[in-house]
Amino acid sequence: MAGRRLRNAVHATLSPMLGADTKVVLSTICNTYSSYVTTSHEYQIQRYEAASTLYGPHTLDAYIQTAVGLAQAMVDGKPLQSVAVPDEFEGQLISFLPPVTLDTSPMGKAFGDVARQPNAFYEAGQTVEVVFQSANPRNNMRRHQTFLEVQVFNSSADAWVAVHTDDDWCTKFTWDRPKGRFSSESTVTVHWEVLDEVVHGKYRIKHYGDAKSLDGQVTAFEGTSRNFGVGAAMLTKHGVVRQGLGDAP
């Protein structure tokens, strides 16, 4: 019922300009949690949803007021400035996860070294897999950054260009402690699913991380795989011919 009332209010604001057949779709907010929203009548009964409406019986009215104001501003073409600043609770959160104590790499290895290199060539539909010597990703969650990049070589610019990061569906970032949960050594496996629309050429995988020393200092590092080709392979009377490979390896 709360959602229906919110949609109806927004529809009443937009339909005079956009038409009666205008459809209003509600989508839940991503990466936050405001619990349930009920009508004021439902709130009085205090069943589960009403008891979980955190901001009182007039929560829905506040949502409708805000949504209608935004819709009216869209219709009028007027900018809006919000003076409301949400509370910051990050510093008040309690964590039962123990902090990172120390990161180490195996004897003769350094953070960012490649433990397993990619194959020399891949086609669309195949998955690139690279394993790096790494550290605990909780040392730096890299907000607005990335733990990995899939890079292609741009010959005209003579430079490597990132085409995918860890926020792409075609990549996967897996952290592991291969010697056990109490070991200070760790690895990262980067997977890249090569899509059908991939641009043929020379590629490589980069990994970015941060390692913590015993004195608590966190130091950034990075690792780079060897180059590999991505293209199309055809079977001819002379054998397999790989197109789009260029001088990749």
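Bear in mind the structure is a predicted one, so any value in this text is a computation, not a measurement.

What to know about the pattern of salt bridges
Okay, so step 1: Going through the model one piece at a time under the given rule, you end up with 4 salt bridges.
Okay, so step 2: Residue glutamate 129 is joined to arginine 116 by a salt bridge in which the shortest nitrogen-to-oxygen separation is 2.2 Å. Taken together, the residues span a long stretch of sequence, with glutamate 129 in strand 3 (residues 127-134) and arginine 116 in strand 1 (residues 114-116) at a distance of 13 residues.
Okay, so step 3: On the accessibility criterion, glutamate 129 (28% relative accessible area) is partly exposed.
Okay, so step 4: Note on arginine 116: relative accessible area 44%, which makes it partly exposed.
Okay, so step 5: One salt bridge in this structure joins lysine 179 and glutamate 185, with 2.9 Å as the shortest N-O distance.
Okay, so step 6: Residue classification places glutamate 185 among the buried residues on the basis of a relative accessible area of 15%.

Considerations on the pairing of strand 4 (residues 148-154)
Okay, so step 1: With 5 of its 7 residues buried, strand 4 lies for the most part within the structure.
Okay, so step 2: Of the strand pairs in this sheet, strand 4 and strand 8 (residues 201-212) are connected by 5 bridges, and their pairing is antiparallel. Of the residues in strand 8, the one forming a bridge with glutamate 149 is lysine 206.
Okay, so step 3: Examined bridge by bridge, strand 4 and strand 5 (residues 159-165) share 6 bridges and lie antiparallel to one another. Its bridge partner being in strand 5, glutamine 151 is matched across the sheet by alanine 162.
Okay, so step 4: The turn joining strand 4 and strand 5, which pair antiparallel and follow one another in sequence, is formed by 4 residues; a positive phi near 50 degrees is taken by aspartate 158.

Focus: the nonpolar core
Okay, so step 1: Among the nonpolar cores identified, the biggest contains 18 residues, and Val128, Trp192, Val194, Tyr203, Ile205, Phe228 and Val230 are the most heavily contacted of them.
Okay, so step 2: Those elements that provide at least two residues to this core are strand 3, strand 4, strand 7 (186-193), strand 8 and strand 10 (228-230).
Okay, so step 3: Sequence-distant contacts of valine 194, that is, excluding residues within four places in its chain, are made with Tyr122, Glu123, Ala124, Gly125, Gln126, Val128 and Val230.
Okay, so step 4: Judged by nonpolar contacts, the second largest core, of 9 residues, contains Leu6, Ala9, Val10 and Ala71.

Notes on the pairing of strand 7
Okay, so step 1: With respect to burial, strand 7 is a largely interior element, 6 of its 8 residues being buried.
Okay, so step 2: Judged from the 8 bridges that link them, strand 3 and strand 7 form a sheet pairing that is antiparallel. Looking at strand 7, one finds that threonine 127 is bridged to glutamate 193.
Okay, so step 3: The pairing of strand 6 (residues 171-176) with strand 7 spans 6 bridges and is classified as antiparallel. Along strand 7, the bridge assignment pairs phenylalanine 173 with valine 190.

Definitions and cut-offs
For every chain, the first residue of the written sequence is number 1, and numbering continues from 1 onward in sequence order. Where local features are concerned, this predicted model is filtered to residues with pLDDT of at least 70; where side-chain atom pairs are given and counted, the filter is 80 or more; whole-chain, interface and lining totals use all residues. Calculation of side-chain values draws on the structure's entire complement of heavy atoms; hydrogens and water are dropped beforehand. Any Lys or Arg side-chain nitrogen found within 4 Å of a carboxyl oxygen on Asp or Glu counts as a salt bridge. Only DSSP runs of H or I reaching four residues or more are called helices, and only runs of E reaching two or more are called strands; each is numbered from the N terminus. Only protein chains enter the area calculation, which uses a 1.4 Å probe; residues under 20% of their type maximum are buried, those over 50% are exposed, and those in between are partly exposed. The rule for pairing is simple: two strands pair if DSSP sees at least two bridges between them. Buried residues of nine kinds, namely Ala, Val, Leu, Ile, Met, Phe, Trp, Tyr and Cys, make up a nonpolar core once their side-chain atoms join them within 4.5 Å. Contacts are assigned to residue pairs with any non-hydrogen atoms lying within 4.5 Å of each other.

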